[in-house]
Amino acid sequence: FNIRLNTASDSLNAWPYRKDNVAAQILFHDVHLLGVQEALHNQMVDLKERLPQYKSIGVGRDDGKEKGEYSAIFYDTTRLQALQSNTFWLSQTPEVPGSKSWDAAITRIVSWAKFRDRKTKKEFFAFNTHFDHIGKEARRESAKMILQKVASIAGKSPAVITGDFNATPDDEPIQVITDKATAGYLVDAKEVSATPHYGPTGTFTGFGPKERDNLPIDYIFLKGPWKVKKHATLSQTWGGRFASDHFAVLAIMTL
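Since the model is a prediction, treat every value here as computed from it, not as a measurement.

Q: Describe the overall build of the chain, with residues and values.
A: Regarding its fold elements, the chain presents 4 helices and 13 strands. In terms of C-alpha radius of gyration, the chain reaches 17 Å, essentially the compact-globule figure of 18 Å for 255 residues. For the C-alpha atoms alone, the extent of the chain along its principal axes is close to 45 × 40 × 35 Å. For the chain, the residues scored as buried account for 52% of the 255 residues in total. For the chain, the proportion of contacts with a sequence separation of at least 24, taken over those separated by at least 6, is 71%. When the accessible area of the chain is evaluated, it comes to approximately 11,700 Å², of which 50% is carbon and sulfur surface. Separation of charge centres in the chain, based on 33 positive and 29 negative side chains, amounts to 6 Å.

Okay, structure coming up:
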């Protein structure tokens, strides 16, 4: 769920007018695992206040602490237990906070965690990211790095990879991620959903009256033996206004 950063220039679509709607959407859908993009520290605080049974994992991308946007993971503590977590930077020096490489316009990160499902006792990993919006090379190299890191961190364990990839399915980064000829390729949850996709196929609105086009840039990718029951893009409105300039993407799945 790219929740759109808090900026006054969004006028009536600015965060103070949307924050309750963002939280309401999360709570209504009983979300166990949530990846957010563009969350500034004050937005993280606002969400934690509104999502009392959730904890979060992640850091600000500028300094590895609280500065800059988070690609954070929220998880429902009544269902999931976090066992391990960290963040790496999408750069040639992934351990260096604030680093960027290739033709990236902005610092980009991946936050991840290992979880145990309290109900089933099964363990899995979750990764959450936001690819660069300008650099084509950066998006391609980020896609390669995601595959490498998921393989090295999660190993043989199942994984969920969520994010705003700033790329449509026909773009190179998504092709890299889903290419079945590549070791460790990932599967788009939408493609394996047992019931047909629900809602718009496009995920970006820019706060316009509807999605910009029919192609998504936000995805839930999977590694391992997941069964996807349902997949949706949530286009709920409040008086004609959306919770964000992106639609949230939701998958209901079992392991």
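Q: Tell me about the side chain of E211, and name the residues and values.
A: Looking at the secondary structure, you find E211 in the loop between strand 8 (187-188) and strand 9 (218-223). In this structure E211 is buried but unpaired, with K210 as the nearest side chain of opposite charge at 6.1 Å.

Q: Go over the pairing of strand 7 (residues 159-164) with me, naming the residues and quoting the values.
A: Burial runs high along strand 7: 6 of the 6 residues are buried. Where burial is concerned, the two faces of strand 7 agree: the one with A159, I161 and G163 and the one with V160, T162 and D164 are both buried. Relative to strand 7, strand 6 (residues 123-130) runs parallel, the two sharing 6 bridges. Each residue of the ladder has a partner; that of A126, found in strand 7, is V160. Looking at chain direction, strand 7 and strand 9 are connected through 6 bridges and run antiparallel. What sits directly across from T162, in strand 9, is I220.

Q: Mind laying out the packing of aromatic side chains, listing which residues take part and the relevant values?
A: For the structure on display, the rule yields 11 aromatic pairs. When the centroid spacing of 5.2 Å and the interplanar angle of 75 degrees are considered together, the rings of F165 and F221 count as edge-to-face. One end of the pair, F165, is in the loop between strand 7 and helix 4 (172-178); the other, F221, is in strand 9, with 56 residues separating them in the sequence. For F165, a relative accessible area of 0% gives the class buried.

Q: Can you break down the sheet that holds strand 3 (residues 73-76) residue by residue, with the values?
A: On the basis of which strands lie adjacent, the open sheet formed by 3 strands has the order 1-3-2 and antiparallel pairing. Each end of this open sheet is capped by a strand with a single partner; those strands are strand 1 (33-35) and strand 2 (54-57). In this sheet, adjacent strand axes meet at a mean angle of 20 degrees when their direction is disregarded. As defined by bridge partners, strand 1 adjoins strand 3 across 3 bridges and the pair is classed as antiparallel. Paired with G35 across the two strands is I73, which belongs to strand 3.

Q: Describe the sheet that holds strand 8, naming the residues involved and giving the relevant values.
A: The strand order across the open sheet built from 6 strands is 4-5-6-7-9-8, with neighbouring strands paired in mixed fashion. Looking at the sheet topology across the chains shown, the edges are occupied by strand 4 (80-89) and strand 8. One ladder, built from 2 bridges, connects strand 8 with strand 9; its direction is antiparallel. In the sheet register, V187 faces strand 9, and the bridge partner there is L222. The sheet contacts of helix 3 (residues 136-154) involve strand 4, strand 5 (109-117), strand 6, strand 7 and strand 9, and relative to strand 6 the element is tilted by about 155 degrees.

Calculation notes
What you see as residue numbers is a count from 1 along each chain, following the sequence as written. It should be noted that, the model being predicted, local features are given only for residues of pLDDT at least 70 and side-chain atom pairs only at 80 or more, the latter also being counted only at that level, while totals for whole chains, interfaces and linings use all residues. Water and hydrogen atoms play no part in the side-chain values, which are based on all heavy atoms of the structure. Working definition: helices are DSSP H or I runs of at least four residues, strands are E runs of at least two. Numbering for both runs from the N terminus. Between the two quantities, the radius of gyration covers C-alpha atoms and the globule rule is 2.2 Å times the number of residues to the power 0.38. Type-normalised accessible area, obtained with a 1.4 Å probe on protein chains alone, sets the label of each residue: buried when under 20%, exposed when over 50%, and partly exposed for intermediate values. Two residues qualify as a contact provided that any one of their heavy atoms is within 4.5 Å of a heavy atom in the partner residue. Here the open area of atoms and residues is found with the Shrake-Rupley method and a 1.4 Å probe, where only the protein chains shown may cover a residue. The positive count covers Lys and Arg only, the negative count covers Asp and Glu only, and His and the chain ends enter neither. Every charge is mapped onto a representative atom, which is NZ of Lys, CZ of Arg, CG of Asp or CD of Glu. By definition here, a salt bridge exists when the distance from a side-chain nitrogen of Lys or Arg to a carboxyl oxygen of Asp or Glu is within 4 Å. Any two strands between which DSSP finds at least two bridges are classified as paired. Here a pair means two rings of Phe, Tyr or Trp (six-membered ring of Trp) with centres within 6.5 Å. Their orientation is stacked below 30 degrees between planes, edge-to-face above 60, and tilted elsewhere. Axes here refer to lines fitted to C-alpha atoms; in helices the fit is confined to the stretch in contact. Angles between the N-to-C directions go from 0 to 180 degrees.

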